[in-house]
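# Structural overview
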Amino acid sequence: MTSENKGTAQLTTAMVLSGTLGVFVVESGASPFNVVFFRVLFGALALGGYVIARGWLRDHGFTPRTLALAVLGGVFIVFNWVLLFQSYENTSISVATVVYHTQPFYVVLLGALLFRERLTAAKVGWIALAFAGLILVSGVTPADFTSGGTYVLGVGQALLAALLYGLSTLVTKRISGVRPHLIALVQVLVGIPLLLPFADFGAMAGTGWDWGWLAGLGLIHTGVMYVLMYAAYAKLPTSKIAVLAFVYPAVAMFMDWAVYGHHIGLVQALGVPLIVTASLKVTLARKPAAAPAPRTAAHAPAAASRPATPAASEA
């Protein structure tokens with residue numbers, strides 16, 4: 001098997017795992033804050049064990065500046081997960097996941113706003129097309145605003161989650177000389193004290209076998225999935241990474257239908273190809289240095305990484 005074929009298999013596996021994340025969240029029966037708290041706790045154990053086994057804590061490469069950036073990115077990514085999981089409750093896994101995939105456009109817009117990165121007319125056009133698709137996918141109607149607004153709130157939570165993910169991406173892109181696994185480890189470690197005041201341990205007393213779902217979110221969707229992603233990023237061109245990232249929402253939508261019987265309507269479905277096409281155009285138009293995934297993560301500790309989830313990463 002060639003290196004690229006191996007990378008393709010690794011990233012495809014990671015994206016399939018990512019697509020099952022919503023089911024693990026819902027089946028755990030825990031509140032979004034509890035879910036994320038135990039995800040970062042188990043995730044820190046998994047990533048920490050892997051990093052220690054590889055001997056990467058020696059010569060970690062962090063400076064006070066890059067460590068501070070990793071911590072800041074962790075704050076964004078942890079609350080991004082909380083908002084996304086809340087969106088699952090108020091909309092559906094399918095709608096929340098597709099809306100969440102407006103992440104690449106926030107990266108472009110925030111880069112232009114905060115760091116004066118060049119924003120071309122073509123990118124503006126693709127972003128406009130994507131948000132037209134977003135309007136279709138969201139399926140929001142005037143009645144949703146007069147019936148308690150829960151669904152509208154859920155769409156807004158997914159959008160805000162995507163915004164926080166974009167901020168984390170921009171912050172993490174400015175870290176160099178540190179392995180992506182170590183950046184991810186710092187980010188999940190940050191989540192433990194950050195979410196501790198919000199965690200309701202009393203509500204976990206009768207959780208029982210549902211602990212398996214929570215452990216899976218940390219061990220599988222954070223530990224195993226991140227290791228697979230970062231190994232794959234080192235072997236694949238940006239174009240293939242961008243295409244394979246869409247395995248995640250496809251699997252998430254299938255799982256939502258197969259497990260819960262949820263599916264998006266015909267009009268909503270018309271918006272999906274608009275978002276997918278625009279996302280690919282914007283992602284592939286970036287210069288290699290600004291690509292959303294590290295190309296050399298497994299070979300050079302200088303590689304910077306995206307913080308978490310595909311697509312960019314997982315949720």
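Not measured: the values here are computed from a predicted model. (Residues numbered from 1 in each chain as written. Predicted model: local features only at pLDDT ≥ 70, side-chain atom pairs only at ≥ 80, totals over all residues. Heavy atoms only, no water.)

### Some points on the overall build of the protein chain
For the protein chain, the helix and strand inventory stands at 14 helices and 0 strands. Put simply, the protein chain runs from its N terminus to its C terminus through helices and strands in the order α-α-α-α-α-α-α-α-α-α-α-α-α-α. In the protein chain, buried positions account for 55% of the 315 residues. For the protein chain, contacts bridging at least 24 residues in sequence account for 89% of all contacts bridging at least 6. Total accessible area on the protein chain is roughly 12,900 Å²; 70% of this is exposed by carbon and sulfur atoms. (Helix = DSSP H or I, 4+ residues; strand = E, 2+ residues; numbered from the N terminus. Buried < 20%, exposed > 50% of the residue type's maximum accessible area, 1.4 Å probe, protein only. Contact = heavy atoms within 4.5 Å. Areas by Shrake-Rupley, 256 points an atom, 1.4 Å probe, with all protein chains shown as cover.)

### Some points on the side chain of Thr97
Among the structural elements, Thr97 can be located in helix H5 (residues 93-100). Among the residues examined, Thr97 registers a relative accessible area of 0% and is labelled buried. Not counting chain neighbours up to four residues away, the residues in contact with Thr97 comprise Tyr88, Tyr248, Pro249 and Ala252.

### Some words on the packing of helix H3 (residues 32-54) against helix H11 (residues 211-233)
Contact geometry of H3 with H11 gives a least axis separation of 8 Å together with a crossing angle of 45°. Classed by the angle they form, the pair H3 and H11 counts as oblique. Like other packed secondary-structure pairs, H3 and H11 cross with a definite hand, here right-handed. Residue-level contacts link Val35, Phe38, Arg39, Phe42, Gly43, Ala46, Leu47 and Tyr50 of H3 to Trp211, Leu214, Ala215, Leu217, Gly218, Leu219, His221, Thr222, Gly223, Tyr226 and Val227 of H11. Residue classes in the contact of H3 with H11 are distributed as 13 nonpolar, 5 polar and 1 charged. (Axes fitted to C-alpha atoms, helices over the stretch in contact; angles between N-to-C directions. Parallel < 35°, antiparallel > 145°, perpendicular 65-115°, else oblique. Left-handed = near helix turned anticlockwise from the far one by under 90°. Nonpolar A, V, L, I, M, F, W, Y, C, P; charged D, E, K, R; others polar.)

### Focus on the pattern of salt bridges
Applying the stated rule across the entire model yields 3 salt bridges. We note a salt bridge from Glu4 to Lys240, for which the minimum N-O separation is 3.1 Å. Placement of Glu4 in helix H1 (residues 3-19) and of Lys240 in helix H12 (residues 238-244) is noted, with a sequence separation of 236 residues between them. Connected via shared salt-bridge partners are Glu117, Lys173 and Arg174. (Salt bridge = Lys/Arg side-chain N within 4 Å of Asp/Glu carboxyl O.)

### Here we look at the nonpolar core
Judged by nonpolar contacts, the single largest core of 67 residues is most densely connected at Leu11, Phe85 and Tyr88. Per-element tally for this core: the top contributor is helix H4 (residues 64-90), with 11 residues. The next biggest cluster of nonpolar side chains, apart from the first, holds 16 residues, and it includes Val95, Val99, Phe105 and Val282. (Core = buried A, V, L, I, M, F, W, Y, C linked by side-chain atoms within 4.5 Å.)

### Quick notes on the packing of aromatic side chains
For the coordinates displayed, the defined rule picks out 15 aromatic pairs. Each ring, one from Phe38 and one from Trp211, has its centre 4.8 Å from the other, and the planes form 90°; the classification is edge-to-face. Taken as a pair, Phe38 in helix H3 and Trp211 in helix H11 lie far apart in primary sequence, 173 residues in all. Classification of Phe38 by relative accessible area gives buried; the value is 6%. Measuring from ring centre to ring centre gives 5.7 Å for Tyr50 and Trp56, while their planes differ by 80°; the resulting arrangement is edge-to-face. For Tyr50, a relative accessible area of 25% puts it in the partly exposed group. According to the relative accessible area criterion, Trp56 is buried, its value standing at 11%. Joined through ring pairs, the aromatic side chains of Phe37, Phe38, Phe201 and Trp211 make up one cluster. Residue placement shows Arg39 over the ring face of Trp81; its charged tip is 3.8 Å from the ring centre. (Phe/Tyr/Trp six-rings, centres within 6.5 Å; stacked < 30°, edge-to-face > 60°. Lys NZ or Arg CZ within 6 Å of the ring centre and 35° of its normal.)

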